[in-house]
Amino acid sequence: MTPALGARNLLLNCAGAQPGDRLLIAFEPPEFGYFDDDACECVAREAERLGLVVDAVNVGFDAENPHLPEPLLRRMERFDIILFLARLGDQLRFSDMPQGKKIIVSFALNASLFGTGFGNAHHAAFEELKSAVNTVLSNAREIRITCPAGTEISGTTEVDLTPECDTSIMRFPMSIFTPVPAAGFTGRAALPGFLTGTGSRYYDDYTVEFEGQVFARLNEGRLTGFEGSRADVDRANAHYDRVAALFGIDRNFVHSWHAGIHPGCGFPWDARDNYERWGGAAFGNPRLLHFHTCGAYAPGEISWNVIDPTIAVDGVRYWENGTFMADLLPRGAEILRRYHCTANLFRHPDREIGLAVAA
């Protein structure tokens, strides 16, 4: 496994690049503490070796007003493939983008991650696994989510698999299934010691930490309250009050949830050093299940993160204590047989998620 192979995986297996294609890399410089500059260098180098015409543009980072300026939109029109090595692409993933372009958002934040199983495992394998999970969930009569810390949530849903339900921007690596609407779900989620943002918008005091175990309660897709110490419950409610008032959004709306499907998605840093980076990169690990809350839109503004979920669909445990049992999916075992690199990842998953929770 090497960063070069990861970059080629992105370009060939995700973007479907051909010699002569024009690639624009929209990058966020390293001084913002999120992407490293070697990610851009790694992809540009391999793109040129593949015969692509490569250009790059610094799009910076705007926490308060993420948008595509008119000069950037005009520049994008001249390219076949636009790769965001920048949070801007993730912030705008549910927004309008130029039509007729292959637009990709990378969750590999540096050359090192391109060189792991996260970057190297064949992109098509995870596209197929995503589709298989979507099929299972769309046909489910009952879904039950639990975890060792006490999560207990159940419900039913009709998963909308139309393009309007999900972002049309391509993700690399592909590490989640289509988010499941939360409207039919009731129970409580065990929070991992904090609430943090979703990467939709960034704001002061983006994360609030707790002293003890806190549970978030929901009923048919609505937040109904928190359980925990008085101080922690007050802290959680104050956070929701502030964020909802800041953006004028529906405080108690729980929009949707998803879990990670990529066992190579490790996070080798301490999440508490940079919750923004953790929230934007670690969620593809099967040890994490992620709710979008606070705001009646995807992805909302505050996330609940459930650690080591067990997800049972009509009694079949497709996730068990944070392990994704992909071989139980319809055609799952056949997919793994065709993609040996992916099968090896499932045999040797990266369990590091940046949190001090036993793997």
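Residues numbered from 1 in each chain as written. Predicted model: local features only at pLDDT ≥ 70, side-chain atom pairs only at ≥ 80, totals over all residues. Heavy atoms only, no water.

Participant: So, the pairing of strand β15 (residues 288-293): which residues are in play, and what are the values?
Facilitator: By the criterion of burial, β15 is predominantly enclosed, with 6 of the 6 residues buried. Neither face of β15 is left uncovered, since the one carrying L288, H290 and H292 and the one carrying L289, F291 and T293 both have all their residues buried. Note that strand β14 (residues 254-259) and β15 share 5 bridges and pair antiparallel. Bridge pairing in β15 places S256 opposite H292. Bridging between β15 and strand β16 (residues 302-307) involves 6 bridges; their strand directions are antiparallel. Following the sheet pairing, H290 is matched in β16 by N305. (Buried < 20%, exposed > 50% of the residue type's maximum accessible area, 1.4 Å probe, protein only. Helix = DSSP H or I, 4+ residues; strand = E, 2+ residues; numbered from the N terminus. Pairing = 2+ DSSP bridges.)

Participant: Run through the environment of G117, naming residues and quoting values.
Facilitator: Examined against the element boundaries, G117 turns out to sit in helix α6 (residues 117-120). A residue is classified by how much of its surface remains accessible, and G117, at 7% relative accessible area, is buried. Sequence-distant contacts of G117, that is, excluding residues within four places in its chain, are made with M1, H262, G264 and L345. (Contact = heavy atoms within 4.5 Å.)

Participant: Before we move on, can you summarise the packing of helix α7 (residues 123-138) against helix α11 (residues 340-347) with the specific residues and values?
Facilitator: Two elements in contact, α7 and α11, have axes whose closest approach is 8 Å; the angle formed by their N-to-C orientations is 65°. The angle between α7 and α11 places the two elements in the roughly perpendicular class. As for the relative orientation of α7 and α11, their crossing is right-handed in sense. Facing α7, whose interface residues are A125, F126 and L129, α11 presents T342, L345 and F346. Partitioned by chemical class, the residues of the contact of α7 with α11 number 5 nonpolar, 1 polar and no charged. (Axes fitted to C-alpha atoms, helices over the stretch in contact; angles between N-to-C directions. Parallel < 35°, antiparallel > 145°, perpendicular 65-115°, else oblique. Left-handed = near helix turned anticlockwise from the far one by under 90°. Nonpolar A, V, L, I, M, F, W, Y, C, P; charged D, E, K, R; others polar.)

Participant: Give a description of the sheet that holds strand β1 (residues 22-27) that names residues and reports values.
Facilitator: With parallel pairing, the 5 strands of this open sheet are ordered in space as β2-β1-β3-β4-β7. Edge positions in the sheet fall to β2 (53-58) and β7 (170-172), since each has one partner strand and no second. Each strand axis lies, on average, 25° off the axis of its neighbour in the sheet, ignoring direction. Pairing between β1 and strand β3 (residues 81-85): 5 bridges, direction parallel. When the sheet's bridge partners are listed, L23 is paired in β3 with I81. Against the sheet, helix α2 (residues 37-49) touches β1, β2 and β3, its axis set at about 175° to β1.

Participant: Lay out the side chain of R87 with the relevant residues and their values.
Facilitator: Along the polypeptide, R87 turns up in helix α4 (residues 87-91). What makes R87 buried here is its relative accessible area of 6%. Setting aside chain neighbours within four positions, we find R87 in contact with E28, F32, Y34, F35, F61, Y202 and E276.

Participant: If you had to explain α11 to someone new, which residues and values would you point to?
Facilitator: For α11, the set of buried residues is T342, A343, L345 and F346. For α11, the angular spread of the buried residues around the axis is 155°, confining them to a single face. What points out from α11, more than 90 degrees from its buried face, is the exposed set H340 and R347. As for α11, its buried residues are in contact with α6, α7, β19 (323-324) and α10 (332-338). (Arc of directions from axis to C-beta.)

Participant: Quick one: what's the story with the confidence of the model for the chain, residue by residue and with numbers?
Facilitator: Per-chain confidence: the chain averages 92 in pLDDT, with 96% of residues scoring 70 or above. Predicted confidence for residues 163-167 stays below pLDDT 50, and this span has 10 contacts to residues more than four positions away or in other chains. (pLDDT = per-residue confidence, 0-100.)

Participant: Lay out the nonpolar core in plain terms, naming residues and giving numbers.
Facilitator: Of all hydrophobic cores here, the largest spans 63 residues; its most connected members are W257 and W304. The leading source of residues in this core is α7, at 7 residues. Counting 39 residues, the second-largest nonpolar core is a separate cluster that includes I25, C42, F114 and A271. (Core = buried A, V, L, I, M, F, W, Y, C linked by side-chain atoms within 4.5 Å.)

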